[in-house]
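Residues per chain, in single letters:
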Amino acid sequence: MTPAPPSAEAALFRPISVGEESGIFLRLRWLLASSTLREMLRTSRLRLSLVILLSALFWGSLFGLFHEAFTFVDSLHAEVISLLFNAFFSSLMVMLVFSTGILLYSGLYTTPEARLLLTLPVRSETIFAHKFQEAFWFSSWGFILLGSPMLTAYGIVRHAPWPFFALLLPFMVAFVAIPATLGGILCMAMVAWMPRLRLHALSIALGAALLAMIGLVWMALATPRADTMSAAWFEQVFSRLSITEQRMLPSWWLSSGLIEAAARAKDGSVARHQAEALRYLAVLVSNALMLQLVGRQVAARLHRLGASQLVSEIPTRRKRRMSWFDEFLSRAGTARGRPLRLLIVKDLRIFRRDISQWSQFAIFFGLLGLYFWNVRIFNYQHAYAAMIGFLNLAVVGLILSTFTTRFVFPMISLEGRRFWILGLLPVNRDQIVWSKFLFSFVGGIVPCCLLVLLSDTMLGIAPWLIALHEVCCVVLCAGLSGIAVGLGARMPDLREISPSKIASGFGGTLSLVISSLFIIAVVLVTAVPVHLRFAAEERGLVTTGWSAADRGVALGLAAAVALGLLATFLPLFLGLRAFRRLEP
Amino acid sequence: MIAFEGVTRSYGEKIAVAGLDLTIPRGELFALLGPNGAGKTTTIKMLVGLLRPSRGSVCVAGHDLVRDPRAAHLHLGYVPDEPCLYEKLTGREFLWFIADMFGMSKADAERRIEAEIANFELGEFADDLAESYSLGMRQRLVFASSLLHDPDVLVLDEPMVGLDPRSVRIVKDLLRERTRGGMTVFMSTHTLAMAEELADRVGIMVRGRLRFLGTVADLRARATGQGTAGPAVGAEPQSLEQLYLDITSADGAGAPP
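Here the residue numbers are simple positions, counted from 1 along each chain's written sequence. Chains carry letters and ligands carry numbers; both start at the beginning, A for chains and 1 for ligands, and go up in the order they are written. Local features are withheld for residues below a pLDDT of 70 in this predicted model, meaning they are given only at 70 or higher, and side-chain atom pairs are given and counted only at 80 or more; totals for whole chains, interfaces and linings count all residues.

1. Notes on the overall build of chain A
Now for step 1: We count a stretch as a helix when DSSP gives it H or I for four or more residues in a row; a strand needs E for two or more, and each element gets its number in order from the N terminus. For chain A, the count of helices and strands is 21 helices and 0 strands.
Now for step 2: A burial count over chain A gives 36% of its 584 residues as buried.
Now for step 3: Pairs at least 24 apart in sequence give 83% of the contacts found in chain A among residues at least 6 apart. Residue burial is a threshold on neighbouring C-beta atoms within 10 Å of the residue's own C-beta, all placed from the backbone, with 20 or more meaning buried, 12 or fewer meaning exposed, and counts in between meaning partly exposed. Any two residues are considered in contact once their C-beta atoms, placed from the backbone, lie within 7 Å.

Following this line, the structure appears as structure tokens:
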């Protein structure tokens, strides 16, 4: 078939140039960003203010921490900086390859926007560039938030000349572009050439990267306990980290460039060092641009092929039988409680089959477990270990609160579209709310209590303090579940189908803020009396009997339990009342 | 204007479309019917370039969808079964985005956008964010966007889903008018009545193969026993619906096209 002859009437359409395509996408991005910002200012001021405030707090704390650290390291071993930078940037580079690859996988292939763009007369390389900018932004903001306080602190400690600070952003952006583009290229190649093996290959690659990182940390830190923090230990750690100092790695160009930019000659002149720094920046920029060109070429050849391969994939059909646990849960107990148990079984199944939920749960709690496992390397004093135990308890609570806000808070809202099912069932509405609470409470208590036990055991904490931490952990699980479920039922968004949007709305943000305050309150009311008790013990004020300090600890625990009861039942009471009256 | 030549598409072991040969000339409204899983969506996806054939080729206005997708897409308009919009753009901004993508001049774009907004009665909400639209409003906006550049070929996947009776009427009138003006329409549908009302030719697909290809009159002739493969003399004439069910049933013989 030959191309259609031009019609008598001139066609309204014409092919456009790459420049025009890029201009259209830039305009699109501008429109989307300004519309999102306007809406945030109108409807989510609380969230926006919290994000800005917490980011500023985070930045300030990191800056203070790094300032102290660099002052300490600088006074001892100036050459150590290069090693630390290389280790930090090289591990970040690996993470950026994967995070951008995963973001681009979704942006280029699985979103409805990707399908729309594939049916428009737009070049694949322009689609790649458009989605790459998005993924690049999402990947790099974390690095900039983490890296900018670190590098600013370094510049101040080293009394770096002003060009160092001016070059920070170009250095960081040029560096991030390299692993990000590599991630994009790997993603497109994998989707196009390994349609069948893609998921396996991705899991293997992710697993290997995780193992490599764990191995690196292990290799760097694992030494006999007695040697920890000694000069020999430092030497061993640094010699192991030196494998990250490879001259062909972008992380080395970045580290060397930054060190040169901050350096001064003995006579105080900076010109030679600045020129050297610019040379490293040029190497980073030219490699980033070259990789962008390669990325565009790869997109032109592989993007549509990959998209087609992906559409061809048929979802695996697998007969799913009732698991023994579900069976047990549905049948155990009284007939009256059966509807409640069936609701829990339904939520449990949805959780198990939603990879995004349990994988995040596993990754966060897994990493926390890894950290707790490693705290045994260091030797602590009695009181110091107790305080670290409380901090670890707070971290477990904070991680749990992100999950209750992200996954439990939207649960009632998500029933909105299915309300015709639940509303017609012979189930009391209260049971729906209670089922969500029990699901969250029991689901949280098992991993959290185990993590707290692991942390306390590794810290070598006394059994009575472990018991106290465990009680606090149960209180936190109950309170956080109560807040998320109660507020979720009190402020449901029955029209929204995206759980992330529900969680990021006003109700979700409020739930997160209250949860954080609750965790801080519980940890403080129990940690302060324990700290005072240790202080009294050190001064010999604690006698063998039931001392005033012990009474203080008991009172603190009672206050924590009271706070827990309040945080559990008040939101649940409000939620139940609102949910009974709810008209979907 | 549309040409499927020996098109086969398989998903692993499963063949979704088998050896499809089909040519649709300029100005024809073609309706593809078939039960769920017959291969209609796969056919549409190949026609709009979302999916590549395992064998054979698909051409639109002479441009191969695999070798030259951009050129083919310039001649195509597509209304998917699940309309995709940018939630944070207004309807009007979305239409401008599409017009720009097709390289329309500012004056043409402005004129056409206003015309389509009027055609699909979008004026009331054209300046609201798309996230506030109902399914019917989204569908009307996608219709408007697909017709902006006056494409030679319009591909519709279950086009009436979510539309109210008034919008259905608007779409039907518009399709008639555009096909008279030379536009080719390829439509997949479950609704026999709509195919009967609008289509010049009908294809009935079962398990990836075209079991029937002809005009609605041919189909009707078969139903009333006047066709070549109609019921035996003396048998009761079938309704179109019954004939369709016979053709698409698992054991239906279905005469070759």
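More follows now that the structure is in view.
2. Remarks on the overall build of chain B
Now for step 1: Assigned secondary structure in chain B consists of 9 helices and 10 strands.
Now for step 2: Rg of the C-alpha trace for chain B: 19 Å, near the compact-globule value of 18 Å for 257 residues, within the 12% margin.
Now for step 3: For chain B, the C-alpha atoms occupy an extent of roughly 60 × 40 × 30 Å along the three principal directions.
Now for step 4: Taking all 257 residues of chain B together, 47% fall into the buried category.
Now for step 5: Counted over contacts in chain B with a minimum sequence separation of 6, partners at least 24 positions apart contribute 66%. For a compact globule the rule gives 2.2 Å times the number of residues to the power 0.38, and the radius of gyration it is set against comes from C-alpha atoms.

3. Focus: the sheet that holds strand β9 (residues 201–206) of chain B
Residues and elements named next belong to chain B.
Now for step 1: For two strands to pair, DSSP has to find at least two bridges joining them. As summarised here, the arrangement of the 6 strands in space is β6-β7-β8-β3-β9-β10, forming an open sheet in which the pairing is mixed. In this open sheet, the two edge strands, each paired with only one partner strand, are β6 (76–79) and β10 (209–215). Taking the axes of each pair of neighbouring strands and ignoring which way they run, one obtains an average angle of 15° across the sheet.
Now for step 2: In the sheet, strand β7 (residues 153–157) pairs with strand β8 (residues 184–189) via 5 bridges, with the strands oriented parallel. Bridging from a neighbouring strand, V155 pairs with F186 of β8.
Now for step 3: Sitting on the sheet, helix α1 (residues 40–47) is in contact with β3 (29–33), β7, β8 and β9, with an inclination near 150° to β7.
Now for step 4: Every axis in this analysis is a line fitted to C-alpha atoms, fitted for helices over the stretch in contact. Angles between the N-to-C directions lie between 0 and 180 degrees. Sheet strands touched by helix α9 (residues 240–248): β3, β9 and β10. Its angle to β9, the strand with the most contacts, is close to 40°.

4. Thoughts on the interface of chain A and chain B
Now for step 1: Each side of the interface is counted separately: chain A has 31 residues, and chain B has 38 residues.
Now for step 2: Those elements that provide at least two residues to the side of chain A that touches chain B are α1 (18–43), α4 (112–118) and α10 (271–312) of chain A.
Now for step 3: Under this grouping Gly is polar, as are all residues other than the nonpolar Ala, Val, Leu, Ile, Met, Phe, Trp, Tyr, Cys and Pro and the charged Asp, Glu, Lys and Arg. Taken together, the residues of the side of chain A that touches chain B sort by class into 20 nonpolar, 6 polar and 5 charged.

5. Topic: the nonpolar core
Now for step 1: Within the largest apolar cluster, 142 residues are counted, with the highest numbers of intra-cluster contacts made by F171(A), A31(B) and V155(B).
Now for step 2: In terms of residue count, the dominant contributor to this core is helix α6 (residues 162–193) of chain A (18 residues).
Now for step 3: The residues contacting F171(A), other than those within four sequence positions of it, are L254(A), G257(A), L258(A), L281(A) and L284(A).
Now for step 4: To define a nonpolar core, we join buried Ala, Val, Leu, Ile, Met, Phe, Trp, Tyr and Cys residues through C-beta atoms within 7 Å and take the resulting set. Judged by nonpolar contacts, the second largest core, of 58 residues, contains L343(A), M411(A), V485(A) and I519(A).

6. Some remarks on the confidence of the model for chain A
Segments scoring low in pLDDT should not have their predicted coordinates read at a detailed level.
Residues and elements named next belong to chain A.
Now for step 1: Across chain A, the average pLDDT comes to 83, with 84% of residues at 70 or higher.
Now for step 2: pLDDT gives the predictor's per-residue confidence on a scale running from 0 to 100. Ranking the elements of chain A by mean pLDDT puts helix α7 (residues 198–221) last, at 63, and helix α18 (residues 463–490) first, at 94.
Now for step 3: Confidence drops under a pLDDT of 50 for residues 4–8, and excluding neighbours within four residues, the segment shows 6 contacts in the predicted structure.

7. A look at the domain arrangement of chain A
Residue and element names in this part refer to chain A.
Now for step 1: Segmentation of chain A into domains returns domain 1 (42–312), domain 2 (322–353) and domain 3 (356–581).
Now for step 2: Computed over C-alpha atoms only, the centres of domain 2 and domain 3 are separated by 24 Å.
Now for step 3: Contact residues are listed per partner, giving 8 residues for domain 2 and 9 residues for domain 3.
Now for step 4: Taken together, the residues of the side of domain 2 that touches domain 3 sort by class into 6 nonpolar, no polar and 2 charged. Domains are outlined according to an automatic or database domain assignment.

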